[in-house]
Amino acid sequence: MLASVSSLVQTNKRLDTDANIDPRSFEFKKNKFGKPEILWQSDESSMEWPLHFNISHTSSLIACGIAMDTPIGIDVEEKKRKTVKSILSLARRYFTPSEVDYLAKISDSDAQQKEFIKLWTLKEAYVKALGRGFSGAPFNRFSIQLETNSRIQISKAAKVCNDSASGCDYLSENWRFALAELNSSYYMSVCIEDNSRGFENDSVPLGLKVWKTIPFIEDTLVSGTDAVKLIT
Amino acid sequence: MAAIAGSAVSFARPVKAVNVNSVPFAGLRKDNVAFRLHPVSQKFAVCCAAKKETVDKVCDIVRKQLVLPEGTEVSGASKFTDLGADSLDTVEIVMGLEEAFKITVEESSAQSIGTVEDAAELIDKLVEAK
């Protein structure tokens, strides 16, 4: 993990010509819920904003997301990941009613499975961005709306959150998402805090850049190529 | 560090000693209990180990979910992450356990499950509470 973060931070340095940090000086800690974070010294005057990162992996891919001055959550999953239980039974147990309805309307089972994986990675990315663990943001307390060609939205599940406060206390809705297909084989979801402060819709672009990395050896910018297809 | 062999200590049921302070506890295993000698008194919470049938059933469900190769060792001490379970596997396993034992596992309890033994202990507790 240390190797990939250091390598990616070295890459990140290209974006900010004023940055003058030696990635080897990074120290890591875990927050009280177990989320790994960079131990940021308050007198770190060489970088204007603290770095946040999050990691996800499948059996064949590790993804590390880095953001400046905003918490970030990332999740990757194989597009064709098969579940042992049926999609709808998993959704009924863990997702919200509106998400179950969205999936139930999809008649093609392959398409339904893909939408499930998309929703799964988006919800995971949100929980990881919040950094309070699975129980800090139970999946059935918030809904992700996936409409084609429009921004991914998150909202608290109205009925569950109004009926009982438990589990909803730390849920916030000011988060932005990016969903992309990597190498036509993976779905990647990224979630960062929305600091647009009241701007309507997507006036401020997310500015997502993706590198394919062999740690300490090679970084290739792949966003904007076929390797990274932004879904929304 | 004083080591007490399992056979020298007799209990009505198998017990596991859990140190609730932050003093590190080295080498705690089912077949021996190791205590660190310390001048300050420590508090211990003693909780009961899970029933063998429960552990076996959990191992079975885990094997099926993770499609583990024949001969892969799965026991109470097995950590889910070491077995290759990611978050989606974990929720499927939890769902399988809920169906098999007719219980409901809250997210806050599920989060503290690290090993098969942890899962089995939680199941026994939930089944008893029914």
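Just so you know, these numbers come straight off a predicted model, no measurement behind them. (Residues numbered from 1 in each chain as written. Chains lettered and ligands numbered in written order. Predicted model: local features only at pLDDT ≥ 70, side-chain atom pairs only at ≥ 80, totals over all residues. Heavy atoms only, no water.)

(A) Quick look at the interface of chain B and chain A. Across the boundary between the two partners, chain B contributes 17 residues, which contact 19 residues of chain A. It is Leu-88, Met-95 and Glu-107 of chain B that lose the most area in chain B upon contact with chain A, and together they represent 40% of the buried surface on that side. On inspection of chain B and its partner chain A, the count reaches four salt bridges. The partner of Arg-81 of chain A in a salt bridge is Asp-89 of chain B, and the shortest N-O contact between them spans 3.0 Å. Counting across the chain B and chain A interface gives nine residue pairs in polar contact (both at pLDDT 80 or more). Those elements giving two or more residues to the side of chain B that touches chain A turn out to be α2 (87-101) and α3 (107-110) of chain B. Residue contributions to the side of chain B that touches chain A peak at ten residues, all from α2 of chain B. Classifying every residue of the side of chain B that touches chain A gives five nonpolar, six polar and six charged. (Contact = heavy atoms within 4.5 Å. Buried area = accessible area lost by both parts, 1.4 Å probe. Salt bridge = Lys/Arg side-chain N within 4 Å of Asp/Glu carboxyl O. Polar contact = N/O pair within 3.5 Å; in protein donor to acceptor, adjacent residues only side chain to side chain. Helix = DSSP H or I, 4+ residues; strand = E, 2+ residues; numbered from the N terminus. Nonpolar A, V, L, I, M, F, W, Y, C, P; charged D, E, K, R; others polar.)

(B) The arrangement of the state of the cysteines in detail. Residue and element names in this part refer to chain A. On inspection of all chains with the given rule, the structure shows one disulfide over all chains. There is a disulfide in this structure between Cys-161 and Cys-168, and the S-S distance comes to 2.2 Å. Across the S-S bond linking Cys-161 and Cys-168, the dihedral sits near -80°, which makes this disulfide left-handed. By the burial criterion, Cys-161 is buried, and Cys-168 matches it. Note on Cys-64: no disulfide assigned, nearest cysteine sulfur contributed by Cys-191 at a separation of 16 Å. (Disulfide = S-S within 2.5 Å. Buried < 20%, exposed > 50% of the residue type's maximum accessible area, 1.4 Å probe, protein only.)

(C) The arrangement of unusual backbone geometry in detail. Here Ser-184 of chain A, not a glycine, exhibits a phi torsion of approximately 55°, which is positive. Position of Ser-184 of chain A relative to the elements: it lies in the loop between β8 (175-182) and β9 (186-193). The class of Ser-184 of chain A is partly exposed, set by a relative accessible area of 37%. One non-glycine residue, Val-67 of chain B, lies in positive phi territory at about 45°.

(D) Representation of helix α1 (residues 52-66) of chain B within the structure. Residue and element names in this part refer to chain B. The end-to-end C-alpha distance of α1, which contains 15 residues, comes to 21 Å, matching closely the 21 Å that a straight helix rising 1.5 Å per residue would cover. Among the residues of α1, those classed as buried are Thr-54, Val-55, Val-58, Cys-59, Ile-61, Val-62, Gln-65 and Leu-66. Seen end-on, α1 carries its buried residues on one side only, within an arc spanning 170°. Opposite the buried face of α1, by more than 90 degrees, sit the exposed residues Lys-52, Glu-53 and Lys-64. (Expected span 1.5 Å × (residues − 1). Arc of directions from axis to C-beta.)

(E) Region of interest: the pattern of salt bridges. Residues and elements named next belong to chain A. Applying the stated criterion across every chain yields a total of twelve salt bridges over all chains. With a closest N to O distance of 2.9 Å, Glu-37 and Lys-29 form a salt bridge. For Glu-37, a relative accessible area of 25% corresponds to the partly exposed category. Across the pair Arg-151 and Asp-194 runs a salt bridge whose closest N-O atoms are separated by 3.4 Å. Here the residue Arg-151 occupies a position in the loop between β6 (142-145) and β7 (153-156), and Asp-194 occupies one in the loop between β9 and β10 (211-214), the gap between them amounting to 43 residues.

(F) Seen up close, the packing of aromatic side chains. Per the counting criterion, the structure on display carries eleven aromatic pairs over all chains. Ring plane angle 90° and centroid distance 5.6 Å describe the contact between Phe-28 of chain A and Phe-53 of chain A, whose orientation is recorded as edge-to-face. With Phe-28 of chain A in strand β1 (residues 28-30) and Phe-53 of chain A in strand β3 (residues 51-57), this residue pair connects regions lying 25 residues apart in the sequence. Owing to a relative accessible area of 24%, Phe-28 of chain A belongs among the partly exposed residues under this scheme. Members of the aromatic cluster, connected to one another through ring pairs, are Phe-95, Phe-116, Trp-120, Tyr-126, Phe-134, Phe-139, Phe-142, Trp-175 and Phe-177 of chain A. Its guanidinium or amino end placed over the ring of Phe-139 of chain A, Lys-123 of chain A lies 5.6 Å from that ring's centre, counting from NZ or CZ. The residue whose ring lies beneath Lys-57 of chain B is Phe-101 of chain B, and the NZ or CZ to ring-centre distance is 4.7 Å. (Phe/Tyr/Trp six-rings, centres within 6.5 Å; stacked < 30°, edge-to-face > 60°. Lys NZ or Arg CZ within 6 Å of the ring centre and 35° of its normal.)

(G) Region of the structure containing the sheet that holds strand β12 (residues 228-230) of chain A. Residue and element names in this part refer to chain A. Read from one edge to the other, the open sheet built from four strands follows the order β5-β9-β8-β12, with strand pairing classed as antiparallel. One side of each edge strand has no neighbouring strand; the edge strands of this open sheet are β5 (72-78) and β12. Taking the axes of each pair of neighbouring strands and ignoring which way they run, one obtains an average angle of 25° across the sheet. Of the strand pairs in this sheet, β5 and β9 are connected by seven bridges, and their pairing is antiparallel. Counterpart to Val-76 in the pairing with β9 is Met-188. Each of β5, β8 and β9 is contacted by helix α4 (residues 109-130), which is oriented at about 155° to β5, the strand it contacts most. (Pairing = 2+ DSSP bridges. Axes fitted to C-alpha atoms, helices over the stretch in contact; angles between N-to-C directions.)

(H) Here's a closer look at the nonpolar core. Within the largest apolar cluster, 62 residues are counted, with the highest numbers of intra-cluster contacts made by Phe-95, Leu-103, Phe-116, Tyr-126, Phe-142 and Phe-177 of chain A. Of all the elements, α4 of chain A adds the most residues to this core, at ten residues. In this structure Phe-116 of chain A touches Thr-83, Ile-87, Leu-90, Ala-91, Phe-95 and Leu-103 of chain A together with Leu-88 of chain B, once residues within four positions along its chain are discounted. Grouped together as the second largest cluster of nonpolar side chains are 16 residues, Val-76, Ala-178, Ala-180 and Val-210 of chain A included. (Core = buried A, V, L, I, M, F, W, Y, C linked by side-chain atoms within 4.5 Å.)

(I) Looking closely at a nonpolar patch on the surface. All names here are of chain A. A surface patch of nonpolar side chains, about 240 Å² in accessible area, is lined by Leu-206, Leu-208 and Leu-230. Relative to the elements of secondary structure, Leu-230 occurs in strand β12. The exposure class of Leu-230 is exposed, given its relative accessible area of 55%. (Patch = residues over 30% accessible without salt bridge, like charges linked within 9 Å, V, L, I, M, F, W, Y side chains within 5 Å. Areas by Shrake-Rupley, 256 points an atom, 1.4 Å probe, with all protein chains shown as cover.)

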